[in-house]
Amino acid sequence: MSEPVDLLVHGGDVLTVDDAGSVVREGAVAVRDGEIIAAGPTGELRARYAAEEEIDAGGCLVLPGLVNAHTHLAMTLLRGSADDVTLQGFLERVLRQEAELLSPEHVAAGVRAAVAESVRAGVTSALDMYWFHEAAERVALEAGWRLLAGPTFMDVPDSPDGRAYGERMEWARRDLAARSGERPGFRPVVFAHSAYTLSPDQLIGIAALAREFGALLHLHAAENATEVATVEARYGRRPVELLDQLGVLGPDVLLAHAVDLTGPEIAALARTGTAVAHCPVSNLKLGCGIAPVPRLLDAGVTVGLGTDGAVSSNTLDVFDAMRQAALVHKAAGDPTAVAAEQAVRMATIEGARALGLGDRLGSLEAGKRADMIVLDLGRPHLRPRHDVWATLAYAAHSADVRDTVVDGRILMRDRVLTTLDEAVALAELEAVG
Ligand SMILES: [Zn+2]
């Protein structure tokens with residue numbers, strides 16, 4: 001008598017991204033109630049389970065969905081509007097546009113298109129720092145996609161949501177209080193934009209709020225030398241040094257970028273268990289520099305990958321970030337820096353750990369949420385396949401993703417989106433602005 005399951009993905013090689021780096025040849029993954037209940041040989045799982053729905057992954061590679069550990073999804077609205085400028089030039093332009101353009105409806109349109117783009121690219125979850133996060137979360141829920149969002153703090157004069165800074169703490173508290181009993185594979189998040197848009201006192205208060213609710217605290221930090229000089233001139237400390245001194249860093253904190261770091265700052269991240277979202281494409285395009293990822297990894301810091309928003313990196317393609325992460329650190333002369341397997345882990349399990357969700361996401365193992373993708377290996381650029389990690393890090397493109405599954409639900413089958421009307425999403429995006 002076989003046990004019923006909701007979904008069986010079978011016949012493909014399964015890259016589990018477990019600690020041992022196991023690949024199950026002709027493997028299968030069984031899913032019930034959005035959770036992986038088994039991953040193993042197809043023959044065994046077929047004998048044990050009767051599936052309501054199946055994906056035949058013969059000739060394909062099945063792997064965990066990619067985790068975008070730092071983005072601003074609704075910035076798809078502004079894609080192509082602030083290119084080839086410095087970070088500070090970018091911020092000046094974008095903050096002005098956002099103050100004029102943003103509303104819950106516009107954010108929803110931007111996020112809908114961003115989710116379509118992400119599902120197509122095999123990205124199954126994202127940490128999304130942006131205004132009007134309630135609208136973003138509604139869109140993601142409708143699409144069945146894993147978007148982690150929450151209240152954002154940024155003390156700017158023209159806040160797009162029109163909320164005065166003084167009201168934000170109570171608003172955020174209400175938001176977080178309403179999240180008790182969060183769905184599996186989600187967690188509350190509090191976003192503090194940065195040490196240059198928030199004062200030390202504000203940062204202390206926001207970190208205390210996040211800790212009160214067991215939330216992840218996510219900030220931008222040390223993105224380039226100008227930011228570091230600005231913070232240092234104001235407070236006499238570099239950004240990461242300041243965050244450490246204020247008691248903000250910790251195992252529940254994720255910093256985006258972390259490009260301009262000193263040795264003691266790297267040690268502080270390791271000592272406090274603070275994680276980093278590495279955004280190589282955005283850093284290169286804005287001329288910010290190259291984050292010291294090999295040194296962070298050597299120090300034991302958890303490093304995930306982010307695309308950043310679609311204005312600074314222009315796509316939400318984590319395959320692209322993975323490839324850049326695997327290449328850019330080698331430029332200093334060491335071809336072993338960020339090896340292929342490390343880059344793939346950063347895009348999957350390490351990204352999940354950076355979000356504090358490593359026990360629920362990032363690998364294909366029993367007990368984890370069923371976020372996975374099926375990659376078509378039938379294309380010339382993916383043959384022959386001597387090393388599956390190298391295939392993924394150096395040769396695969398996001399367009400090779402055939403099927404995308406989030407929480408056991410198929411969001412893309414044979415390159416067709418099943419929960420989003422892509423034509424409508426793009427028309428809505430084009431209609432804004
Ligand atoms: Zn960012």
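Residues numbered from 1 in each chain as written. Predicted model: local features only at pLDDT ≥ 70, side-chain atom pairs only at ≥ 80, totals over all residues. Heavy atoms only, no water.

- The chain goes by Amidohydrolase in an unreviewed UniProt entry, where it is assigned to Streptomyces cynarae.

Thoughts on the UniProt feature "domain: Amidohydrolase-related" (unreviewed entry) in the chain
No. 1: According to UniProt, the "domain: Amidohydrolase-related" (unreviewed entry) feature falls on residues 61-410.
No. 2: Along residues 61-410 one finds 41% helix and 16% strand; the C-alpha atoms at either end are 16 Å apart. (UniProt positions renumbered as here; feature names shortened; annotations may be inferred. Helix = DSSP H or I, 4+ residues; strand = E, 2+ residues; numbered from the N terminus.)

Topic: empty space enclosed by the protein
No. 1: Enumeration according to the criterion identifies four cavities of 30 Å³ or more in this entry.
No. 2: Here the largest cavity is characterised by a volume of approximately 240 Å³.
No. 3: Around the largest cavity, the lining is made up of 21 residues, and of these H72, M75, L91, H193 and H220 lie nearest the centre.
No. 4: Within the lining of the largest cavity, the residues separate by chemical class into 12 nonpolar, six polar and three charged.
No. 5: By volume, the second largest cavity is sized at about 40 Å³.
No. 6: The residue inventory of the lining of the second largest cavity, partitioned by class, reads two nonpolar, five polar and two charged. (1 Å grid on protein atoms, 1.4 Å probe; cavity = no way out; pocket = protein on both sides within 12 Å on 5 of 7 lines; lining within 4 Å. Points joined across faces, edges and corners; volume = space filled by probe spheres on them. Nonpolar A, V, L, I, M, F, W, Y, C, P; charged D, E, K, R; others polar.)

Some words on the layout of surface pockets
No. 1: Roughly 170 Å³ of volume is contained in the largest pocket.
No. 2: Every residue lining the largest pocket is listed: Q88, L91, E92, L95, M154, V156, H193, Y196, T197, E227 and T230.
No. 3: Every element with two or more residues in the lining of the largest pocket is listed here: α2 (87-101) and α7 (225-235).
No. 4: Among the elements that take part in the lining of the largest pocket, α2 stands out by supplying four residues, more than any other.
No. 5: Of the residues contributing to the lining of the largest pocket, the split by class is five nonpolar, four polar and two charged.

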